[in-house]
Protein chains: 2
Amino acid sequence: MIYLDHSSKIPLYMQIYEQVREEILNGNLEEGHVLSGSRGLAKTMQISRNTVNNAYAQLEAEGYIYSKTGIGYAVVKVSKLNRKNEKNEENRALSWKKEKSPAVKYDLTNSSHTSDLFPQNLWKKYTMECMERLHRESRISELQEKQGELYLRQNLLTYLKRIRGVKCDERQVIITCGLQQSLEYLCNLLPNERKKILMEEPGYHKALHIFLNNGFKIAGVPVDQNGLNIRELPEDNSICAVYTTPSHQFPTGVTLPINRRYELLKWADMHDTYILEDDFDSEQRYYAKPIPSLQSIDQHDRVIYLGTFSKGLSPSIRMGYMILPPKLIDAYLKKYKDYNANVPVLNQYVIGRMMETGQYDRHIRRLNQIFKKRLEAFQQSFIELGNHIKLISNGTGQYFLLEFREGCNQNELIQKALEQGVQVYSTMQFWQDKAECPPNTIFMGLSRIKIEEIPDCVNRLKTAWSEWL
Amino acid sequence: MIYLDHSSKIPLYMQIYEQVREEILNGNLEEGHVLSGSRGLAKTMQISRNTVNNAYAQLEAEGYIYSKTGIGYAVVKVSKLNRKNEKNEENRALSWKKEKSPAVKYDLTNSSHTSDLFPQNLWKKYTMECMERLHRESRISELQEKQGELYLRQNLLTYLKRIRGVKCDERQVIITCGLQQSLEYLCNLLPNERKKILMEEPGYHKALHIFLNNGFKIAGVPVDQNGLNIRELPEDNSICAVYTTPSHQFPTGVTLPINRRYELLKWADMHDTYILEDDFDSEQRYYAKPIPSLQSIDQHDRVIYLGTFSKGLSPSIRMGYMILPPKLIDAYLKKYKDYNANVPVLNQYVIGRMMETGQYDRHIRRLNQIFKKRLEAFQQSFIELGNHIKLISNGTGQYFLLEFREGCNQNELIQKALEQGVQVYSTMQFWQDKAECPPNTIFMGLSRIKIEEIPDCVNRLKTAWSEWL
């Protein structure tokens, strides 16, 4: 018997559906049992016949009942044993990690920004504008170009040619969800008979993890005061690529000089190897025009140029790009021919438009002014703390190193800073060979601290580090 | 000698920089050559000393010159042979494919939508609102939660629990760039000692290609009029997963009945195998409430539930999600611990907000009304074309099949339709064993055609197919 509650928020057809379903699952309605006809049931229950039909349609669609010509609906066979018990979510032995949230007042990270750095009004304005345009052109609901929107690729190239000397055409550009996705793609495109990648030591640990995740072997090449040490490049023909940050070495902050750039290119050509040029923040050069990229002086299609909007706009944008030599573009189009693009078309248009109007340039200039002031405030403050600490920066990007006198230990320095509410970072994470990491150097980012907070922040560090100053 | 053009748009410091750089690269300024002091040069040229300093700073930063204490700047050694020739982009032998653009008036695709389906005003409104919120909370410039925003995951789950019966908590949800990225992740998470995946035959070809791209072997399981034929599941312990579209089989459009669902779960449990439940469009059910998912009746954590916003919102949004059993979430967190999320945080908030306010439900209801009308218009029109063609649909989603009498050939049908300006699609692409594909069936999407266009579209098809009607 079916009971209907006319005062319930649950629609009547759902009440019927659920009760019949329950009866079937309980085994009370057995296989082959024919349900009451909808006309009769509707009459009995004093409800519309449509309501019953809706309930039966749902039961049929889910396979609980089937239609027998001339007879009506009959129950299918459902093993009682299969009846689902409600899961007790609490009982599951899940090992979820809780994020710790210490009382950090100043987080000297380089991977999140203060929110004033995001061009909120521009983003809003161009979102409206581009939405109208895409709608007008009937493109907002279209599956998009695989490599990313031509409009963005063209405007990006105009920008990169001017600011980074990049030489290529838009068919060589692929828009991605950021550096990590670019590297994931590359792991599948690089010649797979070679499984070794060279990395700067120290270098960008997240890139390292992606290569390892994809089954590559890694060898380190030491970085000295001029960046990647070319003399230490091995004579080894099993290397498929060198990953490098020539314009602003991560994390040491040095710039690879022009002669080393040519030597690196020559070495790559001799060893038939690719160079992954990660140019993550080199447009953010406070004192001089950014340095032309390796890609711009590459004559033999050795360089894969990698960029991101995480530094210039926001890490929450999730957008980056890679510029491939023609041979790898062909491989990409072949390997990923059935894949769709990964980046929302609207966001691509918004950034493309910012570049087209010159607003992106203005924004980057503004950003650089802000970071210059932050860096100089730290420099000045640390000078005042005496000559036992040395700030290392080439005036680019969003981080610097702080070198203490020998005998200091970064774990102690970090712990003491944390006790004063300041989060600074270990450089250990950037070293493959942890024993090589200088214990007296720490990593500090400029992204998340406001200029007016710096005096208090440094005061806290002064207290924290008093015994080493 | 340096020549300055004061009327040029190129800044003076850049003119100096470029000419000195040219001289160094030409070998006219040799290794060790000391450049004129900035004071003297500025005086000679009658320009500001700062301009010269800027040029020299840039040259130094790029490694062309170096500072000699007490002397000034000297030229480094750059091998002349390394001089870069301008690349001649035109000469490159690139094999770029041109997209053909035939005179298609009606494209019966299911992968792009008419733009009226996109909730443009809602999207704008919530973009503004969420931008304000994220800015206020200082989160627009933050690196985000790896699995996707908790706010979206919670609202999504509330929605999926109600509409699809999904049972899990938000820690099991991962927001991705769409189905393809979900599958890419899964290829790296599934137990890798087993390299075989079962797929429905016919089935979703793009999923097939991703599995193949990731080195999996594929075996087909036939689909009959009730979906995946459980009887044909092999007794094979090397299978790591079954990929299936139970609620709306792609492309046949049938629904897997409840008893087969239980049998499939039982089989998966017996063979220690995962089920990849691709629930791509089952919220779009015009006539009855969507069918509860396999995930909702799974007792043994066998089901991985996959969804997308490409159907309900737009393929250009590039967002989807997967719900993993706890064991695989642990594997995900381990494997991808150093990876960032791939989806823009703002977009996640916009969709989360649509769900929270109930606007997403309203939007889906509106969508379903539109698709219902489109489907019914086609049904009615094809009935009028006589009984030699049969439209196959279970009243879900955005496509249907059209079956012709035996002896008809889909290539001919497609070609003739194209000649009349209508693009319809082959079902051959969905078959692994092409010989098994019924030659008399074609695939038609409802996404890109407006209701008022359907009469003209069907008229054209009537002309195109006159000899088979």
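Given the structure is predicted, the values throughout are model-derived calculations rather than measurements.

**Side note on the interface of chain A and chain B**
Each side of the interface is counted separately: chain A has 99 residues, and chain B has 98 residues. When chain A packs against chain B, close to 9,100 Å² is buried across both sides, 51% of that on carbon and sulfur atoms. Seen at the junction of chain A and chain B, the total is 4 salt bridges. The shortest N-O distance in the salt bridge between A:Glu142 and B:Arg448 comes to 2.5 Å. Counting the contacts that link chain A with chain B gives 35 residue pairs in polar contact (both at pLDDT 80 or more). Of all the secondary-structure elements, those providing two or more residues to the side of chain A that touches chain B are α1 (12–26), α3 (49–61), α4 (120–136), α6 (179–189), α7 (205–213), α8 (258–270), α9 (326–335) and α10 (345–356) of chain A.

**Here we look at the sheet that holds strand β10 (residues 303–308) of chain A**
All names here are of chain A. Taken in spatial order, the 8 strands of this open sheet run β4-β11-β10-β9-β8-β5-β6-β7, and their pairing is mixed. If you trace the sheet from one side to the other, it starts and ends with β4 (173–176) and β7 (227–228), each paired once. Sheet topology places strand β8 (residues 239–244) next to strand β9 (residues 274–278); 4 bridges connect them, and they run parallel. Its bridge partner lying in β9, Tyr 243 is registered against Leu 276. Across the face of the sheet, α7 comes into contact with β5 (196–201), β6 (217–224), β8 and β9 while running at roughly 165 degrees to β5.

**Some remarks on the packing of aromatic side chains**
Taken as a whole and assessed by the stated rule, the structure comprises 46 aromatic pairs over all chains. Ring geometry for A:Tyr151 against A:Tyr349: centres 4.8 Å apart, planes inclined by 10 degrees, an arrangement best described as stacked. Taken together, the positions of A:Tyr151 in helix α5 (residues 150–164) and A:Tyr349 in helix α10 put the pair 198 residues apart, joining distant regions of the chain. For the pair formed by A:Tyr151 and A:Tyr349, the shared burial category is buried. Clustering of aromatic rings is evident, with ring pairs tying together A:Tyr204, A:Phe250, A:Phe280, A:Tyr399, A:Phe430 and A:Phe443. Across the ring face of B:Tyr151, the terminal group of B:Arg133 is positioned such that the distance to the ring centre comes to 4.8 Å. Across the ring face of B:Phe216, the terminal group of B:Lys195 is positioned such that the distance to the ring centre comes to 4.2 Å.

**Some words on the relation of the copies chain A and chain B**
Take chain A, turn it by 180 degrees, move it 0.0 Å along the axis, and it overlays chain B with an RMSD of 0.1 Å. Both copies are brought into coincidence by an operation consistent with a two-fold rotation axis. Relative to the rotation axis, the closest C-alpha in chain A is found at A:Val343, a distance of 3.9 Å. A high fraction, 98%, of the interface residues of chain A reappear at the interface in chain B, so the copies pair face to face through one surface.

**Considering the domain arrangement of chain A**
Residues and elements named next belong to chain A. Taken domain by domain, chain A consists of domain 1 (1–93), domain 2 (106–114 + 362–468) and domain 3 (120–359). Computed from C-alpha atoms alone, the centre-to-centre distance between domain 2 and domain 3 is 27 Å. Listed as interface residues are 29 residues of domain 2 and, on the opposing side, 36 residues of domain 3. Together domain 2 and domain 3 conceal approximately 2,700 Å² of surface at their shared face, both sides included; 51% is due to carbon and sulfur atoms. Among the residues domain 2 hides against domain 3, the three largest losses belong to Tyr 399, Phe 430 and Gln 432. Together they make up 24% of the total. Viewed at the interface, domain 3 and domain 2 are joined by 0 salt bridges. Across the contact surface, domain 2 and domain 3 share 23 residue pairs in polar contact (both at pLDDT 80 or more). Taken together, the elements giving at least two residues each to the side of domain 2 that touches domain 3 come down to α11 (359–384) and β13 (399–404). In terms of residues, the side of domain 2 that touches domain 3 owes the most to one element, α11, which gives 10 residues. Grouping the amino acids of the side of domain 2 that touches domain 3 by side-chain chemistry returns 11 nonpolar, 14 polar and 4 charged.

**Observations concerning the nonpolar core**
In this structure, A:Phe378, A:Phe382, A:Met444, A:Trp465, B:Phe378, B:Phe382 and B:Trp465 are the most contacted members of the largest nonpolar core, which totals 140 residues. In this view, A:Met444 contacts A:Leu108, A:Phe378, A:Phe382, A:Gln398, A:Tyr399, A:Phe400, A:Leu402, A:Val424, A:Leu461 and A:Trp465; residues no more than four positions away in its chain are not counted. In terms of nonpolar packing, the next biggest core, distinct from the first, is built from 80 residues, A:Cys187, A:Phe216, A:Leu324 and B:Tyr243 among them.

**Remarks on the side chain of A:His248**
Residues and elements named next belong to chain A. Inspection of the secondary structure assignment puts His 248 in the loop between β8 and α8. Residue classification places His 248 among the buried residues on the basis of a relative accessible area of 2%. If we skip the residues at most four places from it in the chain, His 248 touches Gly 253, Val 254, Phe 280, Asp 281, Asn 394, Thr 396, Gly 397 and Tyr 399.

**Quick word on the state of the cysteines**
When the sulfur atoms of two cysteines share a covalent bond, that bond is a disulfide. Counted by the stated rule, this structure contains 0 disulfides over all chains. Free cysteine B:Cys130: the closest other cysteine sulfur is in A:Cys130, separated by 19 Å.

**Some thoughts on the packing of helix α6 (residues 179–189) of chain B against helix α9 (residues 326–335) of chain B**
All names here are of chain B. At their nearest, the axes of α6 and α9 sit 10 Å apart, and the two run at 95 degrees to each other. When the interaxial angle is binned, α6 and α9 end up roughly perpendicular. Of the residues in α9, those in contact with Tyr 185, Asn 188 and Leu 189 of α6 are Leu 328, Ala 331, Tyr 332 and Lys 335.

**Re the pairing of β8(A)**
In terms of burial, β8(A) is largely enclosed, as 6 of its 6 residues are buried. Between the parallel pair β8(A) and β9(A), the chain is carried across by α8(A), and the sense of this crossover is right-handed.

**So, unusual backbone geometry**
Most peptide bonds take the trans configuration, and most residues that are not glycine carry a negative phi. Here the amide bond leading from A:Phe250 into A:Pro251 is cis, since omega sits at 10 degrees, within 30 degrees of zero. Of note, A:Pro251 is situated in the loop between β8 and α8. Positioned with a positive phi, B:Gln46 is a non-glycine residue whose angle comes to about 55 degrees. If you trace the backbone, B:Gln46 turns up in the loop between α2 (38–45) and α3 (49–61). In this structure, B:Asp272 takes a positive phi of about 55 degrees despite not being glycine. With respect to the element layout, B:Asp272 can be found in the loop between α8 (258–270) and β9 (274–278).

**Remarks on the environment of A:Ile163**
When you line up the elements, A:Ile163 lands in helix α5. In this structure, the C-alpha to C-alpha distance between A:Ile163 and A:Pro292, residues 129 residues apart in sequence, is 7.5 Å.

**Structural notes on the confidence of the model for chain A**
Mean pLDDT for chain A: 89, with 94% of residues reaching 70 or above. In the model, residues 80–101 of chain A has pLDDT below 50 throughout and makes 37 contacts with residues more than four positions away in sequence or in other chains.

**Side note on the pairing of strand β4 (residues 173–176) of chain B**
Residue and element names in this part refer to chain B. A two-sided burial pattern is seen for β4, the buried positions comprising Val 173 and Ile 175 on one face and Ile 174 and Thr 176 on the other. In terms of strand pairing, β4 meets strand β11 (residues 320–323) through 4 bridges, oriented antiparallel. Paired with Ile 175 across the strands is Tyr 321, a residue of β11.

**Concerning helix α11 (residues 359–384) of chain B**
Because each turn of an α-helix spans 3.6 residues, side chains separated by three or four positions in sequence point in the same direction. Taking 1.5 Å of rise per residue, 26 residues should cover 38 Å, and α11(B) covers 38 Å from first to last C-alpha, within 8% of that figure. Of the residues trailing α11(B), B:Gly386 is marked for its positive phi of about 100 degrees.

**Considering the sheet that holds strand β15 (residues 425–426) of chain A**
Residues and elements named next belong to chain A. On the basis of which strands lie adjacent, the open sheet formed by 4 strands has the order β12-β13-β16-β15 and antiparallel pairing. Single-partner strands in this sheet number two, and they are β12 (389–392) and β15. Inspection of the sheet shows β15 paired to strand β16 (residues 441–445) by 2 bridges, in the antiparallel sense. Its bridge partner being in β16, Ser 426 is matched across the sheet by Ile 442. Each of β13, β15 and β16 is contacted by helix α12 (residues 410–419), which is oriented at about 40 degrees to β16, the strand it contacts most.

**Topic: the side chain of A:Asn340**
With respect to the helices, strands and loops of the structure, A:Asn340 is situated in the loop between α9 and α10. Take A:Asn340: its relative accessible area is 13%, and that puts it in the buried class. Beyond its immediate sequence surroundings of up to four residues, A:Asn340 is in contact with A:Leu143, B:Gln180, B:Lys206 and B:Arg318.

What counts and how
- Residues numbered from 1 in each chain as written.
- Chains lettered and ligands numbered in written order.
- Predicted model: local features only at pLDDT ≥ 70, side-chain atom pairs only at ≥ 80, totals over all residues.
- Heavy atoms only, no water.
- Contact = heavy atoms within 4.5 Å.
- Buried area = accessible area lost by both parts, 1.4 Å probe.
- Salt bridge = Lys/Arg side-chain N within 4 Å of Asp/Glu carboxyl O.
- Polar contact = N/O pair within 3.5 Å; in protein donor to acceptor, adjacent residues only side chain to side chain.
- Helix = DSSP H or I, 4+ residues; strand = E, 2+ residues; numbered from the N terminus.
- Pairing = 2+ DSSP bridges.
- Axes fitted to C-alpha atoms, helices over the stretch in contact; angles between N-to-C directions.
- Phe/Tyr/Trp six-rings, centres within 6.5 Å; stacked < 30°, edge-to-face > 60°.
- Buried < 20%, exposed > 50% of the residue type's maximum accessible area, 1.4 Å probe, protein only.
- Lys NZ or Arg CZ within 6 Å of the ring centre and 35° of its normal.
- Least-squares fit on C-alpha atoms with pLDDT ≥ 70 in both.
- Domains from an automatic or database assignment.
- Nonpolar A, V, L, I, M, F, W, Y, C, P; charged D, E, K, R; others polar.
- Core = buried A, V, L, I, M, F, W, Y, C linked by side-chain atoms within 4.5 Å.
- Disulfide = S-S within 2.5 Å.
- Parallel < 35°, antiparallel > 145°, perpendicular 65-115°, else oblique.
- Right-handed = clockwise from strand over helix to strand, strands pointing away.
- pLDDT = per-residue confidence, 0-100.
- Expected span 1.5 Å × (residues − 1).

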